[in-house]
Each structure stands twice: as structure tokens, then as C-alpha cells.
Amino acid sequence: MKTNFNSIIEFKNVSYSDRGTQIIKNITGTFPEGKITTLVGPSGAGKTTLFRLCNGLISADSGEILIKGKDIEKYEPTELRRKIGLALQSATMISGTVFSNLSLPLTLQGKQLPEKDAKELLDDVSLGEEYLHRNVKDLSGGQKQKVSIARTLVNRPKVLLLDEITSSLDRVSQEDIEELIVKINNKYGTSIIWITHNLDQALTIGDYSWVMMAGELIESGETEFLNNPTDNRVKRFVRGDME
């Protein structure tokens, strides 16, 4: 990847194993600050494990992970999770209202979320304030995903990790989520790292891209390289010759 940008997360020779199986293999690479980076590759490439390393849910066996130039091990875990938000495909909700779900990050800190702030969060994800006291069980899949994303914004994270957040949505809802992620990136300068199996999506929204396979970073750079990759494995992947 080109290095004419500031890095938000940097991996230096990072490896990780689980129960004797090496999942991340000596990865060195950089995620640019304030940009949208898409993370693509076949199933089992280690992409979700990489996310868990990024927000400190697991620790690397070797190598360094730097967040804004500071070793990840030097961050207090709660501080790290506030800096690095995570939204998942499942958009898990607690039972109750949209407001109770938006309030959860602050509730866990013994704080309260003002309704005014909650309404602003809904506006950020293009939901009207009339949703605030609606029961989450009455929301569509796309609406739940918006609430999930809004909830990650409560702590105003510097980085937003998105793990296949549109893969279970219909095309209209998918495009809606894509637009709001670009909006969040533009409005707050939030660095976005988005795992997606959808190469068209990667090309549409990504400023930069990583391609991972079998725990390795194979190729990275400005997203346009996916149209003409140099590595033969990546060429086969973008042609659809592997899963």
C-alpha cells in the first residue's frame, strides 16, 4: 500500500494462533486515517480475527499493532473499545426500545444518554426521531443495522470496524447503509475498515483495499488495484475462481 497518508492502525509482522492453528501469518500493513478501507478475501482468510486484534479482544502472539502510532498494549481496554467501534452482520439488539439500545454504551459506563443526543444519532443514520421509543422487535433488518451503527457512534470512535454489515440485507437496504457509512466518514472523518465479500461494494465505497488469503495480506493499495491486481491469487479471486 502507498504510504503517503497518516496511518490509523498499523500492523508490523503480526501473527496469531488459536489452539495450535496459525490464523494470522506475519502481516505487515497499514490502514489510512480518515479513509474507507475495504477488507476482502475468501472465507477463512482471517479477516474477522484481524478485527478482533484491532480492538484488543485478542492479543497477537508476535509483532506490533500500533493505533495512531501507540502500541495497542499500552491502551487501557475500555479506552481502546471507545476509540475503535465494531458493528456486526447480526446487528444484535437488547430487548426494549431503540433508545435503550442507543443508551447501552453509556449505561455500561454508569452514564445517561440525553434524548437530544439520541435524536442526533438517529439523524446521523437517517432515521427520524419517531423511531426513538419504538420497540426494536418492530424494526426491519436494515433499520436494526442503522441502530447498531448509531450505537457504535455514541463514543465517537476514531475507527469503525464493519463486519459484513450488509450481507443479509436486500439491495435497497444495502445501498442505504453504504450511503450512510460514506456520510459518517465525511462528517466525522471516522476511519472505516469494512469486511465485505462483495467486490462491487469494495470498488464502490473503498478508498483503499486489503486482500487477505489464508491468514496473509496478499495485496493492498488504492482500491482501483482490484480492477488490475498484480498477484495471480488475487487475479483468480476477483475473477471468481475461488470462493
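The model shown is predicted, which means the values in this text are computed figures rather than measured ones.

Novice: Looking at this model, I keep getting lost on the environment of Ser62. Mind explaining?
Specialist: As for its position among the elements, Ser62 is in strand 4 (residues 62–67). On the basis of relative accessible area, Ser62 is assigned to the partly exposed category, the value being 35%. For the pair Ser62 and Leu217, spaced 155 residues apart in sequence, the C-alpha to C-alpha distance is 16 Å. In this structure, Ser62 is in contact with Asn13, Val14 and Ser15, ignoring residues within four places of it in sequence.

Novice: How should I be thinking about the sheet that holds strand 3 (residues 36–40) in this particular structure?
Specialist: Through backbone hydrogen bonds, the strands of a sheet pair up, either in parallel or in antiparallel fashion. Taken in spatial order, the six strands make up an open sheet running 6-7-8-3-9-10, and their pairing is mixed. What marks the edges here is a single partner per strand, and that holds for strand 6 (84–88) and strand 10 (216–222). Taking the axes of each pair of neighbouring strands and ignoring which way they run, one obtains an average angle of 15° across the sheet. Note that strand 3 and strand 8 (residues 191–195) share four bridges and pair parallel.

Novice: Would you mind going over the layout of surface pockets with me for this structure?
Specialist: A probe matching the size of a water molecule, rolled over the atoms, marks out where space remains unfilled. Roughly 570 Å³ of volume is contained in the largest pocket. What lines the largest pocket is a set of 24 residues, among which Leu86, Pro105, Arg151, Thr152 and Asn155 lie closest to the centre. At the level of elements, helix 2 (77–83), strand 6, helix 3 (98–107) and helix 5 (141–152) are the ones that each hand at least two residues to the lining of the largest pocket. Broken down by element, the residue count for the lining of the largest pocket peaks at five residues, all from strand 6. Its residues placed into classes, the lining of the largest pocket shows twelve nonpolar, nine polar and three charged. Roughly 210 Å³ of volume is contained in the second largest pocket. As for the second largest pocket, its lining consists of 15 residues, and the residues nearest its centre are Gly56, Ile58, Ser59, Ile72 and Glu73.

Novice: Just to check I follow, could you spell out the nonpolar core for this structure?
Specialist: The nonpolar side chains of a soluble globular protein tend to be buried, and buried together. Formed by 33 residues in total, the largest nonpolar core has its most connected members in Leu102, Ile149, Leu162, Ile165, Ile177, Ile181 and Trp194. Within the residue set of this core, elements represented by two or more residues are helix 3, helix 4 (115–124), helix 5, strand 7 (159–163), helix 6 (171–188) and strand 8. Beyond its immediate sequence surroundings of up to four residues, Ile165 is in contact with Ala87, Leu88, Gln89, Gln145, Ile149, Ile177, Ile181 and Trp194. By size, the runner-up hydrophobic cluster in this structure holds 28 residues, among which are Tyr16, Cys54, Ile67 and Ile72.

Novice: I tried to follow helix 4 on my own but got confused; where do I start?
Specialist: Given 3.6 residues to a turn, an α-helix orients residues that are three or four positions apart in the same direction. Within the span of helix 4, buried status applies to Ala118, Leu121, Leu122 and Asp124. Down the axis of helix 4, the buried side of the element spans an arc of 155°, and every buried residue falls inside it. Against the buried residues of helix 4 lie helix 3, helix 5 and helix 6. Trailing helix 4 by a residue or two, Ser126 shows a phi angle of about 60°, which is positive.

Novice: Just to check I follow, could you spell out the environment of Asn228 for this structure?
Specialist: Here Asn228 shows up in the loop between strand 10 and helix 8 (232–239). Linking Asn228 and Val238, residues ten residues apart in sequence, is a C-alpha distance of 9.2 Å.

What counts as what
Residues numbered from 1 in each chain as written. Predicted model: local features only at pLDDT ≥ 70, side-chain atom pairs only at ≥ 80, totals over all residues. Heavy atoms only, no water. Helix = DSSP H or I, 4+ residues; strand = E, 2+ residues; numbered from the N terminus. Buried < 20%, exposed > 50% of the residue type's maximum accessible area, 1.4 Å probe, protein only. Contact = heavy atoms within 4.5 Å. Pairing = 2+ DSSP bridges. Axes fitted to C-alpha atoms, helices over the stretch in contact; angles between N-to-C directions. 1 Å grid on protein atoms, 1.4 Å probe; cavity = no way out; pocket = protein on both sides within 12 Å on 5 of 7 lines; lining within 4 Å. Points joined across faces, edges and corners; volume = space filled by probe spheres on them. Nonpolar A, V, L, I, M, F, W, Y, C, P; charged D, E, K, R; others polar. Core = buried A, V, L, I, M, F, W, Y, C linked by side-chain atoms within 4.5 Å. Arc of directions from axis to C-beta.

Remember that the coordinates give geometry; whether it matters functionally is a separate question.
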